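An overview of the molecular structure
If you want the building blocks of each chain, they are given just below.
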Amino acid sequence: VDYDDLHTAIPVTNPVYHVNPDGGKWMIECVGVASFVTCSTDGIKRVCEQVNKHSYVIKNAHNDYVYPLNFIQKNGISKRPRVIWRGGVTHESYLFSYKERLKRVIEKHNFKIFGNVSAYTQRDLGLTPDDIVRGMPLEEYLNYVVQYNPAFLIYPLENNEFNKAKSNISALEVLYSGGICIVPEGFEEFKDTAILSSDFEDIIEALSDAEKFNQVRSKHLQAMFKNQVLSVTNSDRYKLIKHY
C-alpha cells in the first residue's frame, strides 16, 4: 500500500473529516497487513513504521515522462510578478489564517487563485471573478500553469501534524512552471524546494531582482532533479516491489 496523506491526523476542522471519521483506523489496518508500505513523506512513514517495520519513503515526483525536463519553463519573474495560490475546499481555511498577509500581496501584485473557493473567500480577500481560475482536470491544470508562467506560488498551511506530513508537490508544480514556492516556517518537507517563510510580501520583494530569483530557483530545481522526478522514483519503487 501507498499513502500520500496522514489519515490518522486529519483535523476536525477539515471539511472532509466527517466523510469517514474511521479513516485513520482503516489506514492502520491496511498498513498492518501489507507486505511493505510506501509513503510520500517522512511524517507518514513515522506513523506507518510503528505498525509495519517495512515502511519506506518514496517521494512524490514531477512527471518527467509527460513533462520532460528539457521543456522546463523559463523564469516567471517580471516587473509585476504573477503570484498564485492553488487549492480547493480542503485548503480554503488556510487562506483565513494568513488573510492579512495575503491581502497585502493581492493589493500589490498580479494575483490569481487556481481552484474552487467560495464567494465569501473571494470577497474577503478582495478578489474578483477574473482573479479565479476554476478547477480543471489535472493535465489541463498543469499545462495552464506552465503557460501562465507564475513567479511565485504562496502555499499557506496551518501548523498541525496533518499538514506537516504533506508532500511538496505544489513546489514541484511551480518550479517546473517557472516560479518559486513560498511556504510558512516549520514544514520540513519543503525545505529544499521552497522558501520557508510566512513573510510573503518581503520574500517577493527580496527576489524581485532577476539574478537573485534565478539563484534560488536553480537551487530548488537541482534538488527536484536529484530525487523528485518520476523516472527516478519509479525505479526506486520497482526495486522494492521486486524485493518483496
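Figured I'd write up the structure that's included with this text. All figures in this text were calculated on a predicted structure; none of them were measured in a lab. (Residues numbered from 1 in each chain as written. Predicted model: local features only at pLDDT ≥ 70, side-chain atom pairs only at ≥ 80, totals over all residues. Heavy atoms only, no water.)

**Observations concerning the packing of helix α8 (residues 169–177) against helix α10 (residues 210–227)**
Worth spelling out the cut-off: For helices, the fitted axis covers only the stretch in contact; all axes are lines through C-alpha atoms, and the angles between them, taken along N-to-C directions, range from 0 to 180 degrees. Under the scheme used here, helices are H or I runs from DSSP no shorter than 4 residues and strands are E runs no shorter than 2 residues, and both carry numbers assigned from the N terminus. Each angle gets one of four labels, with under 35 degrees taken as roughly parallel, over 145 as roughly antiparallel, 65 to 115 as roughly perpendicular, and the rest as oblique. Crossing handedness is defined as follows: a turn of the near helix away from the far one that is anticlockwise and smaller than a right angle gives a left-handed crossing, while the clockwise case is right-handed. Pairs of residues are marked as contacts when any of their non-hydrogen atoms sit within 4.5 Å. Classification convention: Asp, Glu, Lys, Arg as charged; Ala, Val, Leu, Ile, Met, Phe, Trp, Tyr, Cys, Pro as nonpolar; all other residues, Gly among them, as polar.
At a minimum axis distance of 10 Å, the contact between α8 and α10 shows a crossing angle of 120°. In this view, α8 runs oblique relative to α10, as classed from their interaxial angle. Crossing hand, α8 versus α10: left-handed. Across from Leu172, Leu175 and Tyr176 in α8, the residues of α10 making contact are Arg217, His220, Leu221 and Met224. A class-by-class count of the residues in the contact of α8 with α10 yields five nonpolar, one polar and one charged.

**Focus on unusual backbone geometry**
Filter applied, for reference: Three exposure classes are used, based on accessible area relative to the maximum for each residue type with a 1.4 Å probe and protein chains only: buried under 20%, partly exposed in between, and exposed over 50%.
Notably, Asn149 is not glycine yet its phi reads approximately 55°, a positive angle. For Asn149, the position within the fold is in the loop between α6 (138–148) and β7 (152–154). Here Asn149 falls in the buried class, since its relative accessible area comes to 5%.

**Comments concerning the packing of aromatic side chains**
Stated formally: Ring geometry is summarised as follows: Phe, Tyr and Trp rings, the Trp one being its six-membered ring, pair when their centres sit within 6.5 Å, and such pairs are stacked at plane angles under 30 degrees, edge-to-face over 60 and tilted between the two. Counting as a charge over the ring demands two things of the Lys NZ or Arg CZ atom: a distance within 6 Å of the ring centre and an angle within 35 degrees of the ring normal.
One pass over the structure, following the stated rule, counts ten aromatic pairs. Consider the rings of Tyr98 and Phe200, whose centres lie 5.7 Å apart with planes at 50°: the pair is tilted. Linking Tyr98 in the loop between α3 (92–97) and α4 (99–108) with Phe200 in helix α9 (residues 200–206), this pair joins segments that are 102 residues apart in sequence. Among the residues examined, Tyr98 registers a relative accessible area of 15% and is labelled buried. Residue Phe200 is classed as buried on the basis of its relative accessible area, which comes to 1%. Geometrically, the ring pair formed by Tyr155 and Phe190 is tilted, given 5.9 Å between the ring centres and 40° between the ring planes. Of this pair, Tyr155 sits in the loop between β7 and α7 (161–164) while Phe190 sits in the loop between β8 (180–183) and β9 (195–196), and the two are 35 residues apart along the sequence. For the pair Tyr155 and Phe190, one class covers both residues: buried. Feature note: the residues Phe114, Tyr141, Tyr144 and Tyr148 constitute an aromatic cluster, connected by ring pairs. Just above the ring of Tyr148 sits the side chain of Arg82; from NZ or CZ to the centre is 5.9 Å.

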